[in-house]
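# Topology and contacts: notes
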Amino acid sequence: MNMLEQNFVSAIEELDLPEGDLVDSVLAALDPSVVVPFRRYRPTLKVALVAAAVVILALLAVPASRHAVAGLLGIGATEISMDSRSEDSRSQPSPGQPTVTIRESAEDLGELVDDVSAIDALPLLEMPDGVFDHPIRGRSFTWDASDELPALGDTVVGAVLSVRPVESFTSRKSVPFEVGVEAVVIDPAQAIVGYWLDGEHELATGGSDQPVLAQRVLLWVVEGFEFRLEVDVGREQAIALAKSVGEGTDLSPPG
Amino acid sequence: MSDTTEHLSDADLVMSAQQGDMAAFGDLVRRHQKSAIRIAAVAAGSATDAEDIAQEAFVKAHAAISRFRPDARFEPWLFRIVTNTAKNRNRSEKRYAELSTRVARMAETGGIEPSEVAVHRSDSARLVAAINRLSADDRLILTYRWYEELSEAEIAAALGCRAGTVKSRLSRARQRLSNELGDEV
């Protein structure tokens, strides 16, 4: 160890740090039968977040309010707006640039990551079949279609989980009214809420005007990262998959 | 830590905690709280909320303990949770406090002789000031490598980055620290 390293170690050793014992307060926080003023816990924040999710859920249940609310919707790096075009006009390709199909979207996830050995497996999804890095989409994990994960569109992919840091809005989702957007609570203990888009919709990423088609998607944000799970399963199963993505699982994008 | 558990490895305690043994998790907290508080302070750039951050991180770690592989090292995984918690707090509270040494605090409270202050301040205070000017990621990677002596793979796990980038990140952080010190050390 050279002088710089030795001095650094000494400086860290000399830092003025609290020397309290956390054991009792941590165990008290974990004991559901203990109702004490947990001096460092902020349950009011979590209650507020869950309450906000309930209010949004109630607003979105009223069709007339969806359009007004949708203008406010955004999560992570994704803006969500309601697509007011009729179903007939949506099925017509836009002049100049047709919508990218789900298959084409699944084939454009980014650069393939060769070494996946260091990536922790998700408990419900286990080891991903593919890992891709994209400058805007972030890191994407794919799982092949199976009995539990029906194929997305006409692809061989059953699930796509994309993770990226939240910096600014870099994606826009245009959601048909009949698909809708539903606020859901993914993990009340962690105060994690998200949006569930229960059907096919368009997604534009970065500065691209060419939207891609996506199927059912669950969006949520944890610790400054946006998670996007695209699966063709029901809401509750999607939420269960989202909840299984937890601390200690190495899903952060590169860089 | 109780005498009966001192000989148990982290893996043993984790497996017990995964089966609901709260005393085992308490032993893990006791064993790693000092490190967790230190990493929280380094990540946040301040000791003010280090205990709160470490406590919150342990609560989150318990919630996620069922997904932790006992054969992996516990500290890098815990450190990752601590730093994420610290960064989240910094993002929401916009805090810009600075790390300081025990000597500096004692000097302010009159608990140390002025002559000792002069000696200590000229060395460690300058280095701590340089450390404060680094980014959180630079502070963390240097702490993980030089102080905690984590391997490159463990540093990657603690930082949540690819293992192949650790060497270059470490080199850049070291260079930036040298630049802040004006190559005096």
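A short tour of the structure in this document, coming up. (Residues numbered from 1 in each chain as written. Chains lettered and ligands numbered in written order. Predicted model: local features only at pLDDT ≥ 70, side-chain atom pairs only at ≥ 80, totals over all residues. Heavy atoms only, no water.)

### Some points on the packing of helix α7 (residues 136-147) of chain B against helix α9 (residues 166-181) of chain B
Residue and element names in this part refer to chain B. Closest axis-to-axis distance for the α7/α9 pair is 9 Å, and the angle between their directions is 105°. One element, α7, and the other, α9, form an angle in the roughly perpendicular class. In this structure, α7 uses Asp-138, Ile-141, Leu-142, Arg-145 and Trp-146 to contact α9, whose residues at the interface are Val-166, Arg-169, Leu-170, Ala-173, Arg-174, Arg-176 and Leu-177. Classifying every residue of the contact of α7 with α9 by side-chain character gives seven nonpolar, no polar and five charged. (Axes fitted to C-alpha atoms, helices over the stretch in contact; angles between N-to-C directions. Helix = DSSP H or I, 4+ residues; strand = E, 2+ residues; numbered from the N terminus. Parallel < 35°, antiparallel > 145°, perpendicular 65-115°, else oblique. Contact = heavy atoms within 4.5 Å. Nonpolar A, V, L, I, M, F, W, Y, C, P; charged D, E, K, R; others polar.)

### So, the packing of helix α1 (residues 3-13) of chain A against α9(B)
The N-to-C vectors of α1(A) and α9(B) enclose an angle of 85°; their axes lie 12 Å apart at closest approach. When the interaxial angle is binned, α1(A) and α9(B) end up roughly perpendicular. Contacts between α1(A) and α9(B) involve Leu4(A), Glu5(A) and Phe8(A) from the former and Arg174(B), Leu177(B), Ser178(B) and Leu181(B) from the latter.

### Brief notes about unusual backbone geometry
Residues and elements named next belong to chain B. Although it is not a glycine, Glu-149 sits at a positive phi angle of roughly 55°. Tracing the chain through its elements places Glu-149 in the loop between α7 and α8 (152-159). With relative accessibility at 58%, the residue Glu-149 sits in the exposed group. (Buried < 20%, exposed > 50% of the residue type's maximum accessible area, 1.4 Å probe, protein only.)

### Considerations on the interface of chain B and chain A
Opposite the 55 residues of chain B that make contact, chain A presents 47 residues. Between chain B and chain A, the buried area comes to about 4800 Å², and carbon and sulfur atoms account for 59% of it. Summed over the shared surface of chain B and chain A, the number is zero salt bridges. In this assembly, chain B and chain A are joined by six residue pairs in polar contact (both at pLDDT 80 or more). Every element with two or more residues in the side of chain B that touches chain A is listed here: α2 (22-44), α3 (50-64), α4 (74-93), α5 (102-109), α6 (114-133), α7 and α9 of chain B. When its residues are assigned to classes, the side of chain B that touches chain A shows 26 nonpolar, 13 polar and 16 charged. (Buried area = accessible area lost by both parts, 1.4 Å probe. Salt bridge = Lys/Arg side-chain N within 4 Å of Asp/Glu carboxyl O. Polar contact = N/O pair within 3.5 Å; in protein donor to acceptor, adjacent residues only side chain to side chain.)

### Observations regarding the nonpolar core
Counting residues in each nonpolar core, the largest one holds 65 residues, and the members touching the most others are Leu142(B), Tyr144(B) and Leu177(B). Considering every element that reaches this core, the biggest residue donor is α2(B), with twelve residues. Among all residues touching Leu177(B), those that are not within four sequence positions of it are Leu4(A), Phe8(A), Leu127(B), Ala130(B), Ile131(B), Leu134(B), Leu142(B) and Trp146(B). Counting 22 residues, the second largest nonpolar core, distinct from the first, contains Val131(A), Ile186(A), Ile192(A) and Val233(A). (Core = buried A, V, L, I, M, F, W, Y, C linked by side-chain atoms within 4.5 Å.)

### Describing the pattern of salt bridges
Tallied over the full model, the rule gives 14 salt bridges over all chains. Here Glu230(A) makes a salt bridge to Arg228(A), at a shortest N to O gap of 3.1 Å. Judged on exposure class, the residue Glu230(A) and its partner Arg228(A) are both buried. Among the ionic pairs, Glu180(B) bridges to Arg133(B), the shortest N-O distance being 2.5 Å. Placement of the pair is Glu180(B) in helix α9 and Arg133(B) in helix α6, with a sequence separation of 47 residues. In this structure Arg133(B) comes out as partly exposed when scored by relative accessible area, which is 48%. Among the charged side chains, a network of salt bridges with common partners joins Asp198(A), Arg216(A) and Asp232(A).

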